[in-house]
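Architecture and fold: a report
Residues per chain are reported as follows:
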Amino acid sequence: MDKKTIKDIEVTGKTVLVRVDFNVPRNKETGEITNDNRIVAALPTLKYLLEQKPKAIVLFSHLGKVKTEEDKAKNDLSVVAPRLSELLGVDVKFVNCTRGPELENAVKEADNAQVILVQNTRYEKGESKNDPELGQYWASLGDVFVEDAFGSVHRAHASTAGIPAHLPSAAGFLVEKEIAYIGKAVSDPERPMVAILGGAKVSDKILVIENLLKIADKVIVGGGMTYTFMKAMGHEIGNSLVEDDRIEVAKEIIEKGGDKLILPVDSVINNAFAAEGDIKVCGEDIPEGYMGLDIGPKSVENIKAALEGAKTVVWNGPMGVFEMEPFAKGTIAVCEALANLPDANTIIGGGDSAAAVMQLGYADKVSHISTGGGASLEYMEGKVLPGIAAIDDK
Ligand SMILES: Nc1ncnc2c1ncn2[C@@H]1O[C@H](COP(=O)(O)OP(=O)(O)O)[C@@H](O)[C@H]1O
Ligand SMILES: O=C(OP(=O)(O)O)[C@H](O)COP(=O)(O)O
């Protein structure tokens, strides 16, 4: 990497600001962390920093999408502090605000490598807009900046790109590792190469498909992404997840993709977003009052056939709402199909996709589990990632 890494900077006695990605999957009802992979993935950097004896380590992360007061309550980052403390083996001081005297005093008074976790960066409206004042304010709290939030480096936000504009900055071990692995895997991939896209972040990730069609030999679509395509083709989609302002993009992708693009032909549907109800399989048209929550059995067969003989597979986004058992079959089928490709380089990316593969017991059957979904896809597309671009050159 042509960027400075954590070993290139002096941190002893300093206040080190670290952007981590602790946007962890949680139980929708209880809020409990269901997969701590992203916290575990940050440990090498944090342990290294502790050994260097800085004055303080101040951690910044977002959690979920925050637009309303209700979103704030649902995405309180304090849930991460005890788990981080347990994994890191040191006290973690959680600061329940994102600016002001409480935060400033906590940083000022910190000593002896005290670890401080700041409340969800998205509590600040300026975070996602990369408000220059906010980046400058957060930067004023520290001496150096370490970028280790690989899952968020595709975001030009105040905590990922704003802070490093004002401080000496370096990549952490996670960012370094992810960039090295993914870069190598896609620079000259063994073919056939298949990309699988699913999940719920339709508006973002649908934009990636056009470029993936240029890189991959086949692109498989599933999960919540399905229904924007179905609607674009004129099918009924009931109450399924849809991004109406991406219908035109979907139409273009269908036209350009031709035989390379593999779309579901059936779905597992329910009359509620729940594990119980009137669950059944239907074809391309979904009846009113129902929503598609998993790909159906015919789609699974098509996907298995498309994956046969693949040498490189990149997968982001579960095929259905795998967190609910009746809608996990599509995701399990893809896990199994990848497990049956022992010679292929199989790369899984994204917080929920990683959780799915781990929860379903396939973690040791794939080549690489990346902490970033959107980030790894954009890196594969060859895009400049703002969180990486902001790090000082070597
Ligand atoms: N058909 C669907 N309708 C609604 N949500 C879906 C559907 N299929 C998958 N999902 C949801 O997508 C979420 C993951 O989406 P996303 O954040 O894009 O993936 P990742 O975190 O792996 O990048 C999962 O929580 C899953 O329940
Ligand atoms: O979960 C994340 O991305 P991912 O779902 O693409 O892996 C990152 O934490 C970025 O979150 P965001 O997509 O809300 O900016």
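Residues numbered from 1 in each chain as written. Chains lettered and ligands numbered in written order. Predicted model: local features only at pLDDT ≥ 70, side-chain atom pairs only at ≥ 80, totals over all residues. Heavy atoms only, no water.

Section: the pattern of salt bridges
Counted according to the given criterion, the structure contains 17 salt bridges. Close ionic contact of arginine 99 with glutamate 133 constitutes a salt bridge, the shortest N to O distance being 3.2 Å. On the criterion of sequence distance, the pair formed by arginine 99 in the loop between β3 (92-95) and α4 (101-109) and glutamate 133 in helix α5 (residues 132-139) is long-range, its members being 34 residues apart. Looking at arginine 99, the relative accessible area reads 33%, which means it is partly exposed. The salt bridge involving arginine 191 is made with aspartate 217; its shortest N-O contact spans 3.1 Å. Highlighted residues: arginine 191 in the loop between α7 (173-187) and β7 (193-197) and aspartate 217 in the loop between α8 (202-215) and β8 (218-221), separated in sequence by 26 residues. (Salt bridge = Lys/Arg side-chain N within 4 Å of Asp/Glu carboxyl O. Helix = DSSP H or I, 4+ residues; strand = E, 2+ residues; numbered from the N terminus. Buried < 20%, exposed > 50% of the residue type's maximum accessible area, 1.4 Å probe, protein only.)

Details of the UniProt feature "binding site: substrate" (unreviewed entry) in the chain
This chain's UniProt record puts "binding site: substrate" (unreviewed entry) on Asp21, Phe22, Asn23, Arg38, His62, Leu63, Gly64, Lys65, Arg122 and Arg155. Lining the second largest pocket, from the residues just named, are Lys65, Arg122 and Arg155. Assignment of secondary structure puts glycine 64 in the loop between β2 (56-60) and α2 (69-74). Position of lysine 65 relative to the elements: it lies in the loop between β2 and α2. Apart from the residues within four sequence positions on either side, lysine 65 is in contact with Asp71, Asn75, Arg122, Arg155 and Lys201. (UniProt positions renumbered as here; feature names shortened; annotations may be inferred. 1 Å grid on protein atoms, 1.4 Å probe; cavity = no way out; pocket = protein on both sides within 12 Å on 5 of 7 lines; lining within 4 Å. Contact = heavy atoms within 4.5 Å.)

With respect to the site of ligand 2
Taken together, 16 residues lie around ligand 2, and Asp21, Arg122, Arg155, Lys201 and Gly374 are the ones closest in. Across the complex, the protein chains shield 96% of the 390 Å² of accessible surface that ligand 2 would expose by itself. (Near = heavy atom within 4 Å. Areas by Shrake-Rupley, 256 points an atom, 1.4 Å probe, with all protein chains shown as cover.)

Here we look at the sheet that holds β7
Within the open sheet, the six strands sit side by side as β9-β8-β7-β13-β14-β15. Their pairing is parallel. Looking at the sheet topology across the chains shown, the edges are occupied by β9 (261-262) and β15 (368-370). Here two bridges tie β8 to β9, and the two strands are oriented parallel to one another. Looking across to β9, one finds that isoleucine 220 is bridged to isoleucine 262. (Pairing = 2+ DSSP bridges.)

A look at a negative patch on the surface
Together, Glu236, Glu284, Asp285 and Glu288 line one region of the surface with negative charge. Checked against the element boundaries, glutamate 284 lands in the loop between β11 (280-282) and β12 (291-295). (Patch = residues over 30% accessible without salt bridge, like charges linked within 9 Å, V, L, I, M, F, W, Y side chains within 5 Å. Lys, Arg positive; Asp, Glu negative; His and termini not counted. Charge placed at Lys NZ, Arg CZ, Asp CG, Glu CD.)

Describing the layout of surface pockets
Its boundaries defined by the atoms lining it, the second largest pocket holds a volume of some 400 Å³. Taken together, 15 residues line the second largest pocket, and the ones lying closest to its centre are Val66, Lys67, Arg122, Lys125 and Ser128. Partitioned by chemical class, the residues of the lining of the second largest pocket number two nonpolar, three polar and 10 charged. (Points joined across faces, edges and corners; volume = space filled by probe spheres on them. Nonpolar A, V, L, I, M, F, W, Y, C, P; charged D, E, K, R; others polar.)

Some words on the sheet that holds strand β5 (residues 144-147)
Strand pairing within a sheet occurs via backbone hydrogen bonds; the two strands may be parallel or antiparallel. Strand order in this open sheet of six strands is β3-β4-β2-β1-β5-β6, and the pairing throughout is parallel. Two strands bound the open sheet, and with one partner strand each, they are β3 and β6 (169-171). With direction set aside, neighbouring strand axes in the sheet form an average angle of 25°. In the sheet, strand β1 (residues 15-19) pairs with β5 via four bridges, with the strands oriented parallel. Bridge assignment links leucine 17 to a residue of β5, and that residue is phenylalanine 145. (Axes fitted to C-alpha atoms, helices over the stretch in contact; angles between N-to-C directions.)

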